[in-house]
Amino acid sequence: MAPSVPPPAGAALRVGPGFRPWSAPRGRRGGVPTLPLVTHRQSFVYRFRADQAGTFWYHSHQVADPQVKGGLFGALVVTPREGLGDVADTTALTHLYAGRRTVNGLEGDVPGAGAPGQRVRVRIVNTDNGPVQVWVGGAPHRLAAIDGTEVAAPTPSTDSLAVTAGGRADLEIDLPADGAGVRVEIGGASAVTFGRPLPPTPRPAGELDPLHYGSPAALPFDPAAADRSFDYVIGRRPGFLDGTPGLWWTVNGHLWPDVPMYVVREGDVVRMHIENGSGELHPMHLHGHHAVVLARDGVPATGSPWWTDSVDVQDGHSVDIAFVADNPGLWMDHCHNLAHPGEGLIAHLMYEGVTTPYRVGGDPHNDPE
């Protein structure tokens, strides 16, 4: 589930076969990351308090790759209690169906909500297995939020932005007062449109880097005083996964299930160095927490604190993150290319003293994804 938002009091979401109940976001106590499958002809009711504003989504987490590719997902937007003021709001859930780019299930141009001269927020949710490039034609934009967390002092940009698989990006645009056209291009094949018709716009040469965007702000903890430091080194080698021979992903040189269990205590400040030497890009996703990106390839972040739950780690590169262990549970830490967890690219974050009655495998087919 990405990011995991717990089920507002009195609200319910009914799901179908193969769906695995979600888990809680950063700051939520007592989250349960592993529950039995919702099998054929069964149902499960989620009840939760929607007290973390932001852009989220939900999806199947068992047989995840084919089920999500087939459409078993949806957006979940939590607006602030005080509302959005005069800002018009559009959610753009992008997905590839059989290789065809869609926005909210539609191909081509999709009209957004917003009047001339109004500020609009376009919430882009990437439901695919790889990054999608997004850019705006007809007006500058600001990257207002990443993965449900606001960016500090965003500035106008005309660059493109790579939205990580499983990630979300909220763009804010001040529409021209004369009704001139604006296009939020998503992958170069679909767009959210405003105002008068505007032809498709080419992708800009520059790319916005969240590592150096926005203004610095104080963190609520000191990453230099971490209680725990972990390495998450992604590789690939021949071997056997659940008795099947193949070329599988490794974590710290080991094949599933002989992979790390990162053990923490509640309240720990945790640093994690993620390094990728596997030959492919991996969008890494930690359940139940938001982490701040400290550095990429050793280059420190200089912009707004980049809070994220899904971050791309390119082949041959590394990313350093930090977070507070403030949500006791047993949490997945995996690649959000949804074919990869089933191929072994998965580890877990475990809190001391927290257990689950559910086990991998067995009759319920609780597979490692």
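See above for the structure.
Quick summary incoming for the structure in this document. What you see is a predicted model, and the numbers here were worked out from it, not measured in a lab.

## Quick notes on the nonpolar core
Next, step 1: Residues L143, I173, V184 and Y232 are the most contacted members of the largest nonpolar core, which totals 62 residues.
Next, step 2: The next biggest cluster of nonpolar side chains, apart from the first, holds seven residues, and it includes A64, L93, V125 and L338.

## Digging into the sheet that holds strand 3 (residues 88–97)
Next, step 1: Judged by pairing direction, the sheet is mixed, and its six strands sit side by side in the order 4-3-6-11-8-9 without closing on themselves. One side of each edge strand has no neighbouring strand; the edge strands of this open sheet are strand 4 (100–103) and strand 9 (149–150).
Next, step 2: Looking at chain direction, strand 8 (residues 142–146) and strand 9 are connected through two bridges and run antiparallel. The residue of strand 9 that forms the bridge with I146 is T149.

## Considering the side chain of D309
Next, step 1: Of note, D309 is situated in the loop between strand 21 (307–308) and strand 22 (310–313).
Next, step 2: Judged by relative accessible area, which is 3%, D309 ranks as buried.

## Quick notes on unusual backbone geometry
Next, step 1: Here W256 and P257 are connected by a cis peptide whose omega angle stands at 5°.
Next, step 2: Position of P257 relative to the elements: it lies in the loop between strand 15 (244–251) and strand 16 (261–264).
Next, step 3: Residue R41 is not a glycine yet carries a positive backbone phi of 70°.
Next, step 4: Within the secondary structure, R41 is located in the segment before strand 1 (54–59).

## Considering the sheet that holds strand 18 (residues 282–286)
Next, step 1: In space, the five strands of this open sheet follow the order 16-25-24-18-22, with mixed pairing throughout. Each edge of the open sheet carries a strand with a single partner, namely strand 16 and strand 22. Direction aside, neighbouring strands of the sheet carry axes that sit 20° apart on average.
Next, step 2: Where strand 24 (residues 330–335) meets strand 25 (residues 346–351), five bridges bridge the pair, whose relative direction is antiparallel. Considered in strand 25, the bridge of L330 is made with M350.

## As for the packing of aromatic side chains
Next, step 1: Under the counting rule described, the total for this entry stands at four aromatic pairs.
Next, step 2: Pairing W57 with F73 gives two aromatic rings, centres 6.2 Å apart and planes at 80°, and the pair type is edge-to-face. Placement of W57 in strand 1 and of F73 in strand 2 (residues 73–78) is noted, with a sequence separation of 16 residues between them. For the pair W57 and F73, a shared accessibility class is recorded, and that class is buried.
Next, step 3: Seen from their ring centres, F221 and W307 are 6.2 Å apart, and the 65° between their planes marks the pair as edge-to-face. Taken together, the residues F221 in the loop between strand 13 (190–194) and strand 14 (228–241) and W307 in strand 21 connect sequence positions 86 residues apart. W307 matches F221 in its accessibility class, with the two residues each being buried.
Next, step 4: Feature note: the residues F230, Y232 and Y262 constitute an aromatic cluster, connected by ring pairs.
Next, step 5: Here the basic side chain of R236 rests over the ring of W249, its NZ or CZ set 4.0 Å away from the ring centre.

Cut-offs and rules
- Residues numbered from 1 in each chain as written.
- Predicted model: local features only at pLDDT ≥ 70, side-chain atom pairs only at ≥ 80, totals over all residues.
- Heavy atoms only, no water.
- Core = buried A, V, L, I, M, F, W, Y, C linked by side-chain atoms within 4.5 Å.
- Buried < 20%, exposed > 50% of the residue type's maximum accessible area, 1.4 Å probe, protein only.
- Pairing = 2+ DSSP bridges.
- Helix = DSSP H or I, 4+ residues; strand = E, 2+ residues; numbered from the N terminus.
- Axes fitted to C-alpha atoms, helices over the stretch in contact; angles between N-to-C directions.
- Phe/Tyr/Trp six-rings, centres within 6.5 Å; stacked < 30°, edge-to-face > 60°.
- Lys NZ or Arg CZ within 6 Å of the ring centre and 35° of its normal.

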